[in-house]
Structure formats: structure tokens, C-alpha cells
Amino acid sequence: LHRLIRRQRQMCIRDRLYSALRLRPIALHELQPAVRAAKILDNARLASLPDSAADIRVHEWSSPFSGEDFLRFRASPAEIEWFLSESPSLKGKQAEPFQRKAEPSPSTPARRSGWPYDTLWFQSFMAEPGAPDWHRQPVDRGRRYEFRPKGRYLEAEVIVDDDNNLVYVTVVWS
């Protein structure tokens, strides 16, 4: 390559490296699951993460017009109850309990069909197929809250897995 082209290429590489180094502390902070979770919870008008929250997982996707936010965390049963009671979007909402039942005969009509339930054989929570793998684990016994958050957010839900002390949050926006 001509020496001027090599020099230009070196400058481009240097500029990208300097830009990345300047932005890195901000980017790393924003990538932390607890920081991303706080943003999702705030947008959905839910309480902050409980102090004992662990195993925090966050997945966000978006297009120019819509997107979904997925959050999962583990907490003690007492702190899950605190989270639910302190969440403004859940005030006055009644939880819809569900529990895996014995497998009925194929002629038994489903109580509810479609997302987020797989009710042909039993009532159990099954997340949307586009959700990350960690958010698609079946929940056999728990509670479901469905609500409309503020602003551009279309719908949201909180699923509490009572057997494993997990909380799943899904927010759909447009």
C-alpha cells in the first residue's frame, strides 16, 4: 500500500480506539444488569430491585418503532412481596394465580389459549418465543400481573415463580 493510505488507515484505527476508551466507563456502567434493570423497572412504574435481588438478567431489543424488555431476578419471598406491594403499576391489580395441573384428556377445553399460556395440556406460564432462553423457562406455580405502563409502553406483565423465588418482567413498547 502507498504510505499515505497506510497513514490514513492508522489514523482511523487510532481514532476508533480513542473514542472507545473515552466512552468505555459510561458504556460499562450502562451494561451492568442492575443499571439496565433499574431503567426497565422505572419505565414500567415498578418498584426498584429488592436488596436481596440476585441472578439479575436483562435482555432488550428494539426496532425503530417497537421493542421489548425482559428482566428476571431472584429474591427472598418477603422481598418479592415488598416489590409487588411497592410497585405503583400493580396498585389495585389482582394477581392471576396459576398452577400446573394434572394432564386432562384432549377433549377438555383450554381455559385460555395463546401467549403467554400453554394451556392445551396444562395451565402453565410459557413466555413468548422471541424471549431469551432464560426467560422462557416454564413456571409451574405462580402469579401473573398484567398492566399498562406509562407513555409509549403498550403492555407489561410481572410473573412470580413461587417455587423458585424468581420474578419475570416483560415490557412491550411502541
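Residues numbered from 1 in each chain as written. Predicted model: local features only at pLDDT ≥ 70, side-chain atom pairs only at ≥ 80, totals over all residues. Heavy atoms only, no water.

Glancing now at the side chain of Ser87. Along the chain, Ser87 falls in the loop between α3 (77-86) and β3 (96-99). At a separation of 2.9 Å, a polar atom in the side chain of Ser87 contacts the main-chain amide nitrogen of Ala47. Ignoring anything within four residues of it in the chain, the contact list for Ser87 reads Arg45, Leu46 and Ala47. (Helix = DSSP H or I, 4+ residues; strand = E, 2+ residues; numbered from the N terminus. Polar contact = N/O pair within 3.5 Å; in protein donor to acceptor, adjacent residues only side chain to side chain. Contact = heavy atoms within 4.5 Å.)

Looking now at the side chain of Asp161. Checked against the element boundaries, Asp161 lands in strand β5 (residues 153-161). Here Asp161 sits buried without a salt bridge, and the closest side chain of opposite charge, Arg141, lies 6.9 Å off (N-O distance). Polar side-chain contacts of Asp161 include one of 3.1 Å to the backbone nitrogen of Asp163. A distance of 2.9 Å separates a polar atom in the side chain of Asp161 from a polar atom in the side chain of Asn164. (Buried < 20%, exposed > 50% of the residue type's maximum accessible area, 1.4 Å probe, protein only. Lys, Arg positive; Asp, Glu negative; His and termini not counted. Salt bridge = Lys/Arg side-chain N within 4 Å of Asp/Glu carboxyl O.)

Attention now goes to the sheet that holds strand β1 (residues 54-62). Here six strands make up an open sheet; going across it, the order is β1-β2-β6-β5-β4-β3 and the pairing antiparallel. Edge positions in the sheet fall to β1 and β3, since each of these pairs with one other strand and no more. Each strand of the sheet is rotated relative to its neighbour by a mean of 15°, with strand direction disregarded. Across seven bridges, β1 lies against strand β2 (residues 67-74) in antiparallel orientation. (Pairing = 2+ DSSP bridges. Axes fitted to C-alpha atoms, helices over the stretch in contact; angles between N-to-C directions.)

This next bit is on the pairing of β5. Where burial is concerned, most of β5 is hidden: seven out of the nine residues are buried. Pairing analysis gives six bridges linking strand β4 (residues 141-147) to β5, with the strands arranged antiparallel. Bridge assignment links Arg144 to a residue of β5, and that residue is Ile159. If you look at the hairpin formed by β4 and β5, you'll find five residues sitting between the two strands, and Gly151 has a positive phi there, around 60°. One ladder, built from eight bridges, connects β5 with strand β6 (residues 166-173); its direction is antiparallel. Directly across from Glu155, in β6, lies its bridge partner Val172. Where β5 folds back on β6, the antiparallel hairpin that results is connected by four residues, among which Asn165 adopts a positive phi of roughly 55°.

Residues of the protein chain with pLDDT of at least 70 account for 65%, and the chain-wide mean is 76. Mean pLDDT values for the elements of the protein chain range from 54 in helix α1 (residues 3-31) up to 96 in α3. Counting contacts from residues 102-124, a segment whose pLDDT is below 50, to residues more than four positions away or on other chains yields 42 contacts. (pLDDT = per-residue confidence, 0-100.)

Our focus in this paragraph is helix α2 (residues 33-43). Among all positions in α2, only Ala37, Ile40, Leu41 and Asn43 are buried. On an axial view of α2, the arc spanned by its buried residues comes to 165°, and they lie on one face. Packing partners of the buried residues in α2 comprise β1, β2, α3, β5 and β6. Looking at the residues trailing α2, positive phi occurs at Arg45, about 55°. (Arc of directions from axis to C-beta.)

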